[in-house]
Amino acid sequence: MTSQKEQLLINGHDAWDLCGAVMGSGFIDALSSPAPMKDYIEGTSRLTHGKTVITDNARRASREVTLRFNIHGDTEAEFNEHRAAFYDLLYAGEVTVQVLYDGTGGDVYHLVYKKPSEYAGNRRRTFCTVAVKFEEPDPTYRS
């Protein structure tokens, strides 16, 4: 499946070559979703109606993002190797993800592995989909 190569980098390596992984459903949508804002400074006074909200110097909060990965193997043994290699990437804690567009690099997302949220495999044990929850501590840091 050479069409899967060079579409997704994990920790700077081609995900397909590294662990037979490709982007699952909603992957780019999840990465593209906006980050929440930190709480604004607010105050109330008996001298004015409503409340005062200070939006100067607004800052983005960290965000949680769920990414779905599809892991492939031609045989059960290869699949097990790929899945173990993928899990090793997660267990390292910090993970960088970069989606390549038409041979050019996009943003590099600096994520921290939190936990799996879904797992589904096929009967032949040559394919699975894993949904993984990450935290993006600083959504403005995408180099």
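Preceding block: the structure.
Residues numbered from 1 in each chain as written. Predicted model: local features only at pLDDT ≥ 70, side-chain atom pairs only at ≥ 80, totals over all residues. Heavy atoms only, no water.

Novice: How do you make sense of the side chain of arginine 63 when you look at a structure like this?
Specialist: Residue placement: arginine 63 occurs in strand β6 (residues 63-72). From its side chain, arginine 63 meets the backbone oxygen of alanine 30 in a polar contact 3.3 Å long. Among the polar contacts made by the side chain of arginine 63, one reaches the main-chain carbonyl oxygen of serine 33 at a distance of 2.7 Å. Dropping the residues within four chain positions of it, arginine 63 is found in contact with Ala30, Leu31, Ser33, Pro34, Ala35, Pro36, Tyr109, Phe134, Glu135, Glu136 and Arg142. (Helix = DSSP H or I, 4+ residues; strand = E, 2+ residues; numbered from the N terminus. Polar contact = N/O pair within 3.5 Å; in protein donor to acceptor, adjacent residues only side chain to side chain. Contact = heavy atoms within 4.5 Å.)

Novice: How do you make sense of the pattern of salt bridges when you look at a structure like this?
Specialist: A side chain with one charge can pair with a side chain of the opposite charge if their charged atoms come near. All chains considered together, the criterion is met by seven salt bridges. Linking glutamate 135 and lysine 114 is a salt bridge whose minimum nitrogen-to-oxygen distance equals 3.6 Å. Of the two residues, glutamate 135 sits in strand β9 (residues 127-136) while lysine 114 sits in strand β8 (residues 104-121), which places them 21 residues apart along the sequence. On the basis of relative accessible area, glutamate 135 is assigned to the partly exposed category, the value being 25%. Glutamate 136 is the partner of arginine 142 in a salt bridge, and the nearest nitrogen-oxygen pair spans 2.7 Å. Taking relative accessible area as the criterion, arginine 142 reaches 25% and is therefore assigned partly exposed. Here the residues in one salt-bridge network are Arg63, Glu136 and Arg142, joined through shared partners. (Salt bridge = Lys/Arg side-chain N within 4 Å of Asp/Glu carboxyl O. Buried < 20%, exposed > 50% of the residue type's maximum accessible area, 1.4 Å probe, protein only.)

Novice: Would you explain the pairing of β6 in this entry?
Specialist: Walk down a regular strand and you will see the side chains alternate between the two sheet faces. Burial runs high along β6: seven of the ten residues are buried. Here strand β3 (residues 21-23) runs beside β6; their pairing, made up of three bridges, is antiparallel. Across the sheet, the residue bridging to alanine 21 is isoleucine 71, located in β6. In terms of strand pairing, β6 meets β9 through ten bridges, oriented antiparallel. (Pairing = 2+ DSSP bridges.)

Novice: Just to check I follow, could you spell out the packing of aromatic side chains for this structure?
Specialist: Pairs of aromatic rings are described using the distance from one ring centre to the other and the angle between the two planes. Tallying each qualifying case throughout the model produces seven aromatic pairs. Relative to phenylalanine 69, the ring of phenylalanine 27 lies with its centre 5.2 Å away and its plane at 80°, an arrangement referred to as edge-to-face. Of this pair, phenylalanine 27 sits in helix α2 (residues 27-32) while phenylalanine 69 is found in strand β6, placing the two residues 42 residues apart along the sequence. Ring geometry for tyrosine 87 versus tyrosine 91: centroids 6.2 Å apart, planes at 50°, classification tilted. Separated by four residues within a single helix, tyrosine 87 and tyrosine 91 lie in helix α3 (residues 76-91), roughly one turn from each other. Residue class for tyrosine 87 comes out partly exposed when judged on its relative accessible area of 25%. (Phe/Tyr/Trp six-rings, centres within 6.5 Å; stacked < 30°, edge-to-face > 60°.)

Novice: Explanation requested: the nonpolar core in the structure shown.
Specialist: Note on soluble globular proteins: their nonpolar side chains tend to be buried together. One finds Leu67, Phe69, Phe86 and Phe134 to be the most contacted residues of the largest nonpolar core, which totals 26 residues. Breaking this core down by element, the ones donating at least two residues are β1 (8-10), α1 (15-19), α2, β6, α3, β7 (94-101), β8 and β9. In this structure phenylalanine 134 touches Arg63, Glu64, Val65, Leu67, Phe69, Leu90, Val95, Leu111, Val112, Tyr113 and Lys114, once residues within four positions along its chain are discounted. (Core = buried A, V, L, I, M, F, W, Y, C linked by side-chain atoms within 4.5 Å.)

Novice: Sorry if this is basic, but what is going on with α3 here?
Specialist: Owing to its 3.6 residues per turn, the α-helix brings residues three or four apart onto one side. Counted at 1.5 Å a residue, the expected span for α3 with its 16 residues is 22 Å, and the 22 Å between its end C-alpha atoms agrees. Within the sequence span of α3, burial applies to Phe79, His82, Arg83, Phe86, Leu89 and Leu90. The buried residues of α3 occupy an angular sector of 115° when the element is viewed end-on, so they sit on one face. In α3, those exposed residues whose orientation departs by more than 90 degrees from the buried face are Glu81, Asp88 and Tyr91. A positive phi of about 100° marks glycine 93, the residue just after α3. (Expected span 1.5 Å × (residues − 1). Arc of directions from axis to C-beta.)

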